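# Chain and residue survey
Spelled out from the first residue to the last, the chains are:
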Amino acid sequence: MSFWHDKIVIVAGGAGFIGQHLVQALLNAHASVHVIDNHSTGRALEVQPRTQQQLTQQHHDICTPTMMPKADVVYNLASPASPVHYQGDPIQTWKTNVLGTLKMLEHALDCGATLVQASTSEVYGDPLSHPQKETDWGNVNPIGPRACYDESKRAAEALLMDAVRTASADVRIARIFNTYGPGMTDSDGRAIPNFATQAEQGTPLTIYGDGTQTRSFCHVSDTVEGLMRLGMVDAAKGQVINIGNPTEVTILEIAQQINALFGNKSDIVFEDRPVDDPQRRCPDIGRAESLLDWTPQMKLQDGLITLHQTGQIRKSA
Ligand code: NAD
Ligand code: UDP
């Protein structure tokens with residue numbers, strides 16, 4: 001019988017891109033899942049529970065108090081993730097990541113539940129070390145336009161680690177690196193859905209800057225497997241762990257790969273680089289490999305081919 005059998009799991013942000021994949025994986029593993037989401041960037045649930053009772057949901061902002069079920073495991077994924085979204089309402093981003101995380105922590109403490117927090121590679125900012133290890137303290141502009149996300153995620157990490165030290169909270173923090181896959185929307189603003197939508201429509205692929213900046217893209221199936229292991233492996237208790245794919249590519253390379261998959265119908269154009277856009281990003285996943293026995297399985301080229309063949313970027317309403 002799997003670890004998840006008959007466990008009660010809350011997924012805050014469960015209507016979002018990664019959230020829906022996580023919820024489906026938990027349902028498949030026989031957990032009972034309660035989704036709490038304010039649908040600010042999420043969408044109607046498209047998951048398939050085994051029975052109606054297995055899935056419940058609550059349309060709610062995690063910053064305000066509410067009744068939640070007693071849970072064994074709480075996943076906190078609630079937060080906008082795309083720069084376009086988190087910079088669109090920066091104060092709400094702060095509230096969600098600080099006040100909202102506090103609310104989810106308090107509930108986890110009340111239940112004696114494990115809390116798995118979705119943090120981000122953005123805590124490393126424009127990194128000074130490469131690849132990024134969890135011991136890197138980060139290089140973040142605290143007053144720039146990305147700070148609402150980077151610094152509020154850092155504040156959430158600091159808050160949770162204080163709860164580990166002072167309240168023996170069972171917290172596990174995933175520093176998630178750029179994730180892609182089915183269910184991203186064409187209005188998301190991030191590189192892969194933008195390039196795939198532009199390449200499909202034959203409009204120019206918009207590279208911000210000269211395209212020499214790098215990212216390391218992880219398929220959502222791998223990210224979800226890492227999050228599941230964080231929730232179930234005792235060795236993850238009190239740990240901060242990078243979850244990402246260490247294959248590093250330049251943004252120009254990924255634009256060219258996606259354009260080629262769609263038959264090179266589009267030109268590539270170069271636009272202004274966003275302020276504080278990190279130049280390099282690549283995870284060191286040694287900790288995830290040793291503590292979680294986790295390593296990403298999906299090669300970038302295979303993930304992109306599947307994305308192309310199945311048209312898995314969602315059209316926004
Ligand atoms: P997403 O925007 O698709 O999903 C976030 C979900 O949280 C949405 O359903 C949204 O409606 C919900 N939400 C936002 N604020 C809320 C609030 N105050 N109360 C309740 N619900 C709220 O983003 P995603 O890509 O699925 O990211 C999920 C998590 O993973 C986020 O915490 C994000 O910071 C983290 N992360 C994602 C990536 C990535 O590449 N996708 C990378 C690093 C970290
Ligand atoms: N980017 C780009 N064109 C786009 C969208 C993004 O060149 O249409 C760049 C962006 O400036 C960044 C990289 O691609 O350097 C990854 O951006 P994304 O928004 O996907 O993720 P994040 O900035 O959060 O890593």
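Anything mentioned here points back to the structure above.
Everything in this summary refers to the structure shown in the same document. (Residues numbered from 1 in each chain as written. Chains lettered and ligands numbered in written order. Predicted model: local features only at pLDDT ≥ 70, side-chain atom pairs only at ≥ 80, totals over all residues. Heavy atoms only, no water.)

### Regarding the pairing of strand β11 (residues 240-243)
- Side chains V240 and N242 project from β11 onto one buried face, and the interleaved I241 and I243 project onto a second face that is buried too.
- As paired elements, strand β6 (residues 171-176) and β11 share four bridges and run parallel to each other. Counted as the bridge partner of I173 is V240 from β11. (Buried < 20%, exposed > 50% of the residue type's maximum accessible area, 1.4 Å probe, protein only. Helix = DSSP H or I, 4+ residues; strand = E, 2+ residues; numbered from the N terminus. Pairing = 2+ DSSP bridges.)

### Brief notes about the site of ligand 1
- Around ligand 1 there are 30 residues in total, and I18, D37, T41, Y149 and K153 lie nearest to it.
- Contacts to ligand 1 include K153, whose side-chain N or O atom sits 2.8 Å from an oxygen atom.
- Contact distances for ligand 1 include 2.8 Å between an oxygen atom and a backbone N or O atom of T179.
- The protein chains hide 97% of the 820 Å² of surface that ligand 1 would expose on its own.
- If you list the elements that add at least two residues to the shell around ligand 1, you get α1 (17-28), α3 (90-111), β5 (114-120) and α4 (147-167).
- Within the shell around ligand 1, the residues separate by chemical class into eleven nonpolar, 15 polar and four charged. (Near = heavy atom within 4 Å. Polar contact = N/O pair within 3.5 Å; in protein donor to acceptor, adjacent residues only side chain to side chain. Areas by Shrake-Rupley, 256 points an atom, 1.4 Å probe, with all protein chains shown as cover. Nonpolar A, V, L, I, M, F, W, Y, C, P; charged D, E, K, R; others polar.)

### Quick word on the site of ligand 2
- Taken together, the neighbourhood of ligand 2 is formed by 18 residues, with T206, Y208, R215, D277 and R281 sitting nearest.
- A distance of 2.8 Å separates an oxygen atom of ligand 2 from a polar side-chain atom of N194.
- Here an oxygen atom of ligand 2 and a side-chain polar atom of R281 are 2.7 Å apart.
- Protein burial of ligand 2: of its 510 Å² of free accessible surface, 96% is covered by the chains.
- When contributions to the shell around ligand 2 are tallied by element, the ones reaching two or more residues are α5 (191-201) and β8 (205-208).
- Considering only residue class, the shell around ligand 2 consists of seven nonpolar, five polar and six charged.

### Overview of the nonpolar core
- L26, Y75 and I254 are the most contacted members of the largest nonpolar core, which totals 57 residues.
- Element by element, the count of residues in this core is highest for α1, at seven residues.
- If sequence neighbours within four positions are ignored, L26 has contacts with W4, V9, V11, A31, V33, Y75 and M228.
- By size, the runner-up hydrophobic cluster in this structure holds 21 residues, among which are I62, V74, L105 and A163. (Core = buried A, V, L, I, M, F, W, Y, C linked by side-chain atoms within 4.5 Å. Contact = heavy atoms within 4.5 Å.)

### Details of the packing of aromatic side chains
- Applying the stated criterion to the full structure yields four aromatic pairs.
- Arranged with centres 4.9 Å apart and planes meeting at 85 degrees, the rings of F3 and W4 form a pair that is edge-to-face.
- Given a relative accessible area of 30%, F3 falls into the partly exposed group.
- A ring pair is formed by W4 and Y75, whose centres lie 6.3 Å apart and whose planes are at 35 degrees; its orientation type is tilted. Taken together, the residues W4 in the segment before β1 (8-12) and Y75 in strand β4 (residues 73-76) connect sequence positions 71 residues apart. For the pair formed by W4 and Y75, the shared burial category is buried.
- Chaining the aromatic ring pairs together yields one cluster made of F3, W4 and Y75.
- The aromatic ring of F3 is capped on one face by K7, whose charged end is 4.4 Å from the ring centroid. (Phe/Tyr/Trp six-rings, centres within 6.5 Å; stacked < 30°, edge-to-face > 60°. Lys NZ or Arg CZ within 6 Å of the ring centre and 35° of its normal.)

### So, the side chain of R172
- Residue placement: R172 occurs in strand β6.
- Among the polar contacts listed, one links the side chain of R172 to the backbone oxygen of G231, at a separation of 3.4 Å.

### As for the pattern of salt bridges
- Enumeration according to the criterion identifies 15 salt bridges in this entry.
- In this structure, E46 and R43 form a salt bridge, with 3.4 Å as the shortest nitrogen-oxygen distance.
- Overall, E46 belongs to the partly exposed group, its relative accessible area being 45%.
- For D277, the salt bridge identified is with R215, shortest N-O distance 2.9 Å. Taken as a pair, D277 in the loop between β13 (268-271) and α8 (286-292) and R215 in strand β9 (residues 214-216) lie far apart in primary sequence, 62 residues in all. Like R215, D277 is buried.
- Taken together, the shared-partner salt bridges in this structure form one network comprising E122, R146, R215, R273, D277 and R281. (Salt bridge = Lys/Arg side-chain N within 4 Å of Asp/Glu carboxyl O.)

### A few points about unusual backbone geometry
- With an omega of -10 degrees, the peptide bond between H130 and P131 qualifies as cis.
- Checked against the element boundaries, P131 lands in the loop between β5 and α4.
- Even without glycine at this site, D6 takes up a positive phi of about 65 degrees.
- In this fold, D6 is placed in the segment before β1.
- Non-glycine residue S168 carries a positive phi angle of around 50 degrees.
- Of note, S168 is situated in the loop between α4 and β6.
- For S168, a relative accessible area of 63% puts it in the exposed group.

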